[in-house]
Number of protein chains: 2
Amino acid sequence: MSKIITISREFGSGGRELGKRLADNLGFAYYDREILEEIAKQTDTGEWYAENLLERNFSASIPLHFGSTFTAYQSPTTQQTVKLMVAEQKVLCRLADKGNCVIVGRGAAALLEPWKPFSIFVYADMESKLARCRERAPESENLSDKELMKKIRQVDAQRAKIIQWSAGVKWGERGGYRLCVNTTGLPIKTIAAAVADYARHIMEIK
Amino acid sequence: MSKIITISREFGSGGRELGKRLADNLGFAYYDREILEEIAKQTDTGEWYAENLLERNFSASIPLHFGSTFTAYQSPTTQQTVKLMVAEQKVLCRLADKGNCVIVGRGAAALLEPWKPFSIFVYADMESKLARCRERAPESENLSDKELMKKIRQVDAQRAKIIQWSAGVKWGERGGYRLCVNTTGLPIKTIAAAVADYARHIMEIK
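Now for a look at the structure at hand. Values in this document were obtained by computation on a predicted structure and should not be read as measured data. (Residues numbered from 1 in each chain as written. Chains lettered and ligands numbered in written order. Predicted model: local features only at pLDDT ≥ 70, side-chain atom pairs only at ≥ 80, totals over all residues. Heavy atoms only, no water.)

### What about the overall build of chain A?
Here's step 1: Counting its secondary structure elements, chain A contains 9 helices and 5 strands.
Here's step 2: Reading chain A from its N terminus to its C terminus gives the helix and strand order β-α-β-α-α-α-α-β-α-β-α-α-β-α.
Here's step 3: Its C-alpha atoms give chain A a radius of gyration of 17 Å, near enough to 17 Å, the size a compact globule of 206 residues would have.
Here's step 4: Principal-axis analysis of the C-alpha atoms places the extent of chain A at approximately 50 × 45 × 30 Å.
Here's step 5: Within the span of chain A, comprising 206 residues, buried residues form 50% of the whole.
Here's step 6: Look at the contacts in chain A between residues 6 or more apart in sequence, and 71% of them connect residues 24 or more apart.
Here's step 7: The averaged location of the 25 negative side-chain charges in chain A is 3 Å from the averaged location of its 30 positive side-chain charges. (Helix = DSSP H or I, 4+ residues; strand = E, 2+ residues; numbered from the N terminus. Rg over C-alpha atoms; globule rule 2.2 N^0.38 Å. Buried < 20%, exposed > 50% of the residue type's maximum accessible area, 1.4 Å probe, protein only. Contact = heavy atoms within 4.5 Å. Lys, Arg positive; Asp, Glu negative; His and termini not counted. Charge placed at Lys NZ, Arg CZ, Asp CG, Glu CD.)

The structure is reproduced here in C-alpha cells:
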C-alpha cells in the first residue's frame, strides 16, 4: 500500500512549502493544485469554478439538511457542490493508489483514512504568519496588520468549516493528526528535513 | 546556553517513557522525580508533602486572589505552596543551567522560556491511553474502563489547572509547544528515535 503524508495548515504557516520540500526530500509525489485541476476535468467544470464552490462559497452552497434523510429541493449549486465533493474523494483515492505522495489540503487526512496517512498539521504564531504573508503578497496588496490578521483568521475559519462538512472532523484538533508542527522562527527548509527524518522512522521508509 | 527539551503529556500517552528514551538517544540528562526531590530538599519539606501541595491539592491551596495586589490573609498552606512554587522555578533554572537535558512535566516549557526550550506535547487517543494504563497498573488496581477514563481525564484536568496557575499558559494548546506528538498505535521506542532526529535538526545537535 502507498505511503501517504497529508498536510493541513494554518494560512501563512508555511505548510505548503513544507509539503513540497518534504516530498522532494523523501522522493514522494506532491499534489496540491493538481487535485483541483483533476476534479475540474472529471466534472466538466472549470478549475476556478470548482475552487469557488469547494472553497470560497462552500458554506453558502450546502443546505443545512445535507447528509440527512430529508430530501427537500436542492438547488443546482448544491447539486454541483455535492458532485464536486464526490469527485474530490475519487481523485484523492486514485492519487493515493498511484504511489507514495504528499497531499496538501483538501481534508485528505480524514478522506484517506483507510491508507492510514501520516497526517501533519502545520501552525505558527500570528507574528510569524503575518511576516510570511507580507513576504508573499503581490505588490498591489496593501493590507494593514489588522486587515491581514482578519484575512488569516477568515481563511482558517473557512478551512475549518469545509473540513467539518466534507470529512466530519474538527480542523486543527490534535487528535486528528499524527504530528503538529510549529514553524515559528525556523526556516521551513530545516523543519522539512526534520519532518522527513521523523517520517522515515514512523513510516518505515528506507 | 544549554539545550533544553521539555515534555508535557496527557496521562497514559507514554510521555515519560518518550522523555527518558529521548534523553538516552541524545545523551542529555533526564529530570523527572529528581525535581520534586530537590524542591523538597530546598524547602525543608518531604517529597510527598511537596508533591501533594504542588499537584494533588494545588487548586484547593491557592486562593482566588493569588497574583493580584489584594493581599488578604493567606493560610499557612497557601504560603507553603507559594514557597514551593518559587523553589520549583529556582530548581528548574539551576538544572537548565547545568547542561543539555530533557525535563518531564512541571510546566517547564513556560517556566524555562528564556532558554527557548524545544517544547513537546505528547498525546494519544483514549483507547491507547487505557491500554497503557492497564499495562502499568498495580495488580491491586481494578478499575472499570469508565472509572479509568474518568481518572485519566481528572489527572489531565488537574495538570491543566496547575500549568494555568503556575505558568499562566493553557496546557495542551498547540501554540505553547514546538511539536505535538501523537503516540497512538506506535512503539514509544520508534517515536523517541523519530523525535530525537527531529530535535537534532531544529536544535542543531551534532
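Back to the text.
### Examining the packing of helix 7 (residues 126-136) of chain A against helix 8 (residues 145-167) of chain A
All names here are of chain A.
Here's step 1: Between helix 7 and helix 8, the shortest axis-to-axis distance is 10 Å and the interhelical angle comes to 100 degrees. Looking at the two axes, helix 7 sits roughly perpendicular to helix 8. Two secondary-structure elements touch here, helix 7 through Met126, Lys129, Leu130, Cys133 and Arg134 and helix 8 through Asp145, Leu148, Met149, Ile152, Arg153 and Asp156.
Here's step 2: Its residues assigned to classes, the contact of helix 7 with helix 8 comprises 6 nonpolar, no polar and 5 charged. (Axes fitted to C-alpha atoms, helices over the stretch in contact; angles between N-to-C directions. Parallel < 35°, antiparallel > 145°, perpendicular 65-115°, else oblique. Nonpolar A, V, L, I, M, F, W, Y, C, P; charged D, E, K, R; others polar.)

### Thoughts on the packing of aromatic side chains
Here's step 1: By the definition in use, this model includes 8 aromatic pairs over all chains.
Here's step 2: With a centroid separation of 5.1 Å and an interplanar angle of 50 degrees, the aromatic rings of Phe121(A) and Tyr177(A) are classed as tilted. In this pair, Phe121(A) is assigned in strand 4 (residues 118-123) and Tyr177(A) in the loop between helix 8 and strand 5 (179-182), connecting sequence segments 56 residues apart. In terms of burial, Phe121(A) and Tyr177(A) fall into one category: buried.
Here's step 3: Summarising the aromatic geometry, the rings of Phe118(B) and Tyr198(B) are spaced 5.9 Å apart at their centres and angled 15 degrees between planes, so their arrangement reads as stacked. Taken together, the positions of Phe118(B) in strand 4 (residues 118-123) and Tyr198(B) in helix 9 (residues 188-202) put the pair 80 residues apart, joining distant regions of the chain. (Phe/Tyr/Trp six-rings, centres within 6.5 Å; stacked < 30°, edge-to-face > 60°.)

### Overview of the side chain of Thr43(A)
Here's step 1: Positionally, Thr43(A) belongs in the loop between helix 2 (33-42) and helix 3 (47-56).
Here's step 2: With sequence-adjacent residues up to four places away left out, Thr43(A) is seen in contact with Lys83(A), Leu84(A) and Ala87(A).

### Notes on helix 1 (residues 15-26) of chain B
Residues and elements named next belong to chain B.
Here's step 1: With 12 residues, helix 1 ought to run about 16 Å at 1.5 Å a step, and its terminal C-alpha atoms sit 16 Å apart, in line with that.
Here's step 2: Those residues of helix 1 that sit buried are Gly15, Leu18, Gly19, Leu22, Ala23 and Leu26. Here the buried residues of helix 1 occupy an arc of 130 degrees about the axis, which is enough to place them on one side.
Here's step 3: Those residues of helix 1 hidden inside the fold are in contact with strand 1 (4-9), strand 2 (29-31), strand 3 (101-104), strand 4 and helix 9. (Expected span 1.5 Å × (residues − 1). Arc of directions from axis to C-beta.)

### A look at the relation of the copies chain B and chain A
Here's step 1: At an RMSD of 0.0 Å, chain B and chain A line up after a rotation of 180 degrees and a shift of 0.0 Å along the axis. Classification of the inter-copy transformation places it as that of a two-fold axis. Proximity to the rotation axis, assessed at the C-alpha, singles out Cys180(B) in chain B; its C-alpha lies 2.4 Å from the axis.
Here's step 2: Same-surface contact between copies: 100% of interface residues of chain B are shared with the interface of chain A. (Least-squares fit on C-alpha atoms with pLDDT ≥ 70 in both.)

### Some words on the interface of chain B and chain A
Here's step 1: Taken together, the contact between chain B and chain A spans 24 residues of the former and 24 residues of the latter.
Here's step 2: Carbon and sulfur atoms supply 52% of the area that chain B and chain A bury against each other, a total of about 2100 Å² over both sides.
Here's step 3: On the chain B side of the interface with chain A, the three residues burying the most area are Arg174(B), Arg178(B) and Tyr198(B), jointly 31% of the side's total.
Here's step 4: If you look at where chain B meets chain A, you find 2 salt bridges.
Here's step 5: The tally of links from chain B across to chain A stands at 19 residue pairs in polar contact (both at pLDDT 80 or more).
Here's step 6: Sorting the residues of the side of chain B that touches chain A by element identifies strand 4, strand 5 (179-182) and helix 9 of chain B as the ones contributing at least two each. (Buried area = accessible area lost by both parts, 1.4 Å probe. Salt bridge = Lys/Arg side-chain N within 4 Å of Asp/Glu carboxyl O. Polar contact = N/O pair within 3.5 Å; in protein donor to acceptor, adjacent residues only side chain to side chain.)

### Considerations on the sheet that holds strand 5 of chain A
Here's step 1: One open sheet accounts for 10 strands, arranged 2(A)-3(A)-1(A)-4(A)-5(A)-5(B)-4(B)-1(B)-3(B)-2(B); its pairing is mixed. Single-partner strands in this sheet number two, and they are strand 2 (29-31) of chain A together with strand 2 of chain B. Going across the sheet, the axis of each strand differs from the next one's by a mean of 20 degrees, ignoring polarity.
Here's step 2: Relative to strand 5 of chain B, strand 5 of chain A is paired through 3 bridges, and the arrangement is antiparallel. When the bridges of strand 5 of chain B are listed, Cys180(A) appears paired with Cys180(B).
Here's step 3: Sheet strands in contact with helix 9 of chain B are strand 5 of chain A together with strand 1, strand 4 and strand 5 of chain B, and its direction is about 160 degrees off that of strand 4 of chain B. (Pairing = 2+ DSSP bridges.)

### A few points about the nonpolar core
Here's step 1: Formed by 52 residues in total, the largest nonpolar core has its most connected members in Ile5(A), Phe118(A), Tyr198(A), Ile5(B), Phe118(B) and Tyr198(B).
Here's step 2: Beyond its immediate chain neighbours, meaning those up to four positions away, Ile5(A) contacts Leu22(A), Leu26(A), Phe28(A), Cys101(A), Val102(A), Ile103(A), Phe118(A), Ile120(A), Ala199(A) and Met203(A). (Core = buried A, V, L, I, M, F, W, Y, C linked by side-chain atoms within 4.5 Å.)

### Structural notes on the pairing of strand 1 of chain B
Every other side chain in a regular strand lies on the same face of the sheet, so the side chains alternate between the two faces.
Residues and elements named next belong to chain B.
Here's step 1: Taking burial as the measure, the 6 residues of strand 1 include 6 buried ones, the bulk of the element.
Here's step 2: Because side chains alternate across strand 1, one face comprises the buried residues Ile4, Thr6 and Ser8, and the other comprises Ile5, Ile7 and Arg9, equally buried.
Here's step 3: One ladder, built from 4 bridges, connects strand 1 with strand 3; its direction is parallel. Directly across from isoleucine 4, in strand 3, lies its bridge partner cysteine 101.

### Overview of the pattern of salt bridges
Here's step 1: For the structure shown, the criterion picks out 30 salt bridges over all chains.
Here's step 2: Between Glu10(A) and Arg174(B) there is a salt bridge, with the nearest N and O atoms lying 2.7 Å from each other. Taken as a pair, Glu10(A) in the loop between strand 1 (4-9) and helix 1 (15-26) and Arg174(B) in the loop between helix 8 (145-167) and strand 5 lie in two separate chains rather than in one.
Here's step 3: We classify Glu10(A) as buried; its relative accessible area is 8%.
Here's step 4: With its nearest N and O atoms 2.5 Å apart, the salt bridge here joins Glu88(B) to Arg106(B). Placement of Glu88(B) in helix 5 (residues 76-98) and of Arg106(B) in the loop between strand 3 and helix 6 (108-111) is noted, with a sequence separation of 18 residues between them.
Here's step 5: Accessibility expressed as a relative area gives 5% for Glu88(B), which makes it buried.
Here's step 6: Arg106(B) gets classed as buried once you look at its relative accessible area, which sits at 16%.
Here's step 7: Three or more residues are tied together by salt bridges with common partners; here these are Glu17(A), Arg21(A), Arg132(A) and Arg136(A).

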